[in-house]
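# Close look at the chain arrangement
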Amino acid sequence: RSKRKTLLGVLIIVVLVLCIGLFMKNKTNTLNTTSINKESIIEELDDNLIGAYIQQGEEYVKADTIPTSGYEFNEEESYCKIGDAIQEDMTLFYDMDTQTLTVSPIAKEGTKCYLYFDEKASAGDTILASDNAPTGQTTDWTGGTTYYYTGNPNNWVQFGGFYWRIIRINGDGSIRMIYQGTSANATGTGTQIGTSQFNSSYNNNMYVGFKYTSGEVHGTGTNSTILGASSSSSLNTWYSTNLADDAEYIDGNAGFCGDRTPSTSSSSSNGSGGTGTTQTYYGAYIRLISNNNPSLQCDSRDVYTTTDSSSGNKSLTYPIGLLTADEYVLAGSGNSYLGVGTDYWTMSPIRFHSSHGARVFRVDLSGDSSNIRVNNASGVRPVINLRANVALSGSGTTSDPFKVAGT
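What counts, and at which threshold
- Residues numbered from 1 in each chain as written.
- Predicted model: local features only at pLDDT ≥ 70, side-chain atom pairs only at ≥ 80, totals over all residues.
- Heavy atoms only, no water.
- Disulfide = S-S within 2.5 Å.
- Helix = DSSP H or I, 4+ residues; strand = E, 2+ residues; numbered from the N terminus.
- Buried < 20%, exposed > 50% of the residue type's maximum accessible area, 1.4 Å probe, protein only.
- Phe/Tyr/Trp six-rings, centres within 6.5 Å; stacked < 30°, edge-to-face > 60°.
- Lys NZ or Arg CZ within 6 Å of the ring centre and 35° of its normal.

### What to know about the state of the cysteines
If you walk through the whole model with that rule in mind, you get 2 disulfides. With a sulfur-sulfur separation of 2.0 Å, cysteine 80 is cross-linked through a disulfide to cysteine 113. Residues cysteine 80 and cysteine 113 are joined by a disulfide whose S-S torsion is about 95 degrees; by sign, that bridge is right-handed. Separated by 33 residues along the polypeptide, cysteine 80 in strand 5 (residues 79-82) and cysteine 113 in strand 9 (residues 111-119) bring together distant segments of the chain. Across the disulfide, cysteine 257 is cross-linked to cysteine 298 (sulfur-sulfur distance 2.1 Å). Torsion about the S-S bond of the cysteine 257 and cysteine 298 cystine: about 85 degrees, corresponding to right-handed handedness. Of the two residues, cysteine 257 sits in strand 18 (residues 256-257) while cysteine 298 sits in the loop between helix 5 (283-290) and strand 21 (303-304), which places them 41 residues apart along the sequence. Summarising the burial analysis for this pair, cysteine 257 and cysteine 298 share the class buried.

Structure below.
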């Protein structure tokens, strides 16, 4: 009996050893690189160190730290070595968001891993290097330089099954564009997804808002009719139906300006008004009508961004908006590509008057800008922003529009 117990004990130990060995062979080792990616990269890496190599042009150069932005991990180029032997059975994956490296199977002592990072594609660089680059330049609410199109340029994009015109390269590098229709030769009502009221009510300042809250100048508690109504021509419904599958290419952080800077003066901004039935002139009125001075700056409280954004008012469900009156004027108004032979809304509040109600800028049939009461119906032309790091092909012409790689 004693011998049987001893034999049984030995068998159990053997089985445990085999199980542990099998587990260790297949185990994935996840290393948090925040504690190791600060090591200097030297010609021959010390045991268990990680080397980072970043793309510069057509070559890779050693970096002192693993990059946190502007690059993407190149899994095919990256590898691990033990001594002088490359470990063909070892796979690597580096998560840029969490700064975590996954090595599988588990690394042995003496392993040295070499991580390669490629420069991210920049849509803005592609556009600026093309023969059809934008000609206007200023700064915008992101704090960066924005490059905008004027006149009737070759600024065409084919994306999500639709044609678009690029308004500008935003200051953060994202690409703002306006819906043009289902074909490159669309004009008139073919350039809009339908018609809508901006808001169904007009007897209060709050109804100039793309989103609004009673008693607040910059409130975002309620969606406007044009944004959130359940009709097919409301922006949220249209986005959900037509662009949700391509959401990975669309930026939610650049935002859309619905500037509600209030003033009780029509000639200069004094910060007063903007609630109830107080007669109020908004920022675009002061800039465009009183002073003929368009600007792409915007109060951050009126920069409409999605709920997961790092800036703006973070109030949108989907990253979709409208043209601003300032963008329209900078492009050349009705003499530009934005004059399409139909009337459509911008998202720029103009004024409130107790006799005339809440009013927002729109583009008229003739291409002139005007302001109408928000409960009138007018055309809806969605505006979206492509992410800065999408890869573009094409030249921007109607026969060879810019296209997003992967779509």
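### Section: the packing of aromatic side chains
Counted by the stated rule, this structure contains 21 aromatic pairs. With a centroid separation of 5.4 Å and 80 degrees between ring planes, the pair formed by tyrosine 179 and tryptophan 238 is classed as edge-to-face. With tyrosine 179 in strand 14 (residues 175-181) and tryptophan 238 in helix 4 (residues 235-242), this residue pair connects regions lying 59 residues apart in the sequence. Residue tyrosine 179 is classed as buried on the basis of its relative accessible area of 5%. Residue tryptophan 238 is classed as buried on the basis of its relative accessible area, which comes to 7%. Cluster of aromatic residues (ring-pair linked, three or more members): Tyr53, Tyr60, Tyr79, Tyr114 and Tyr116. Of note, arginine 165 hangs over the ring of tryptophan 156, and the distance from its end group to the ring centre comes to 3.9 Å. Just above the ring of tyrosine 202 sits the side chain of arginine 373; from NZ or CZ to the centre is 3.9 Å.

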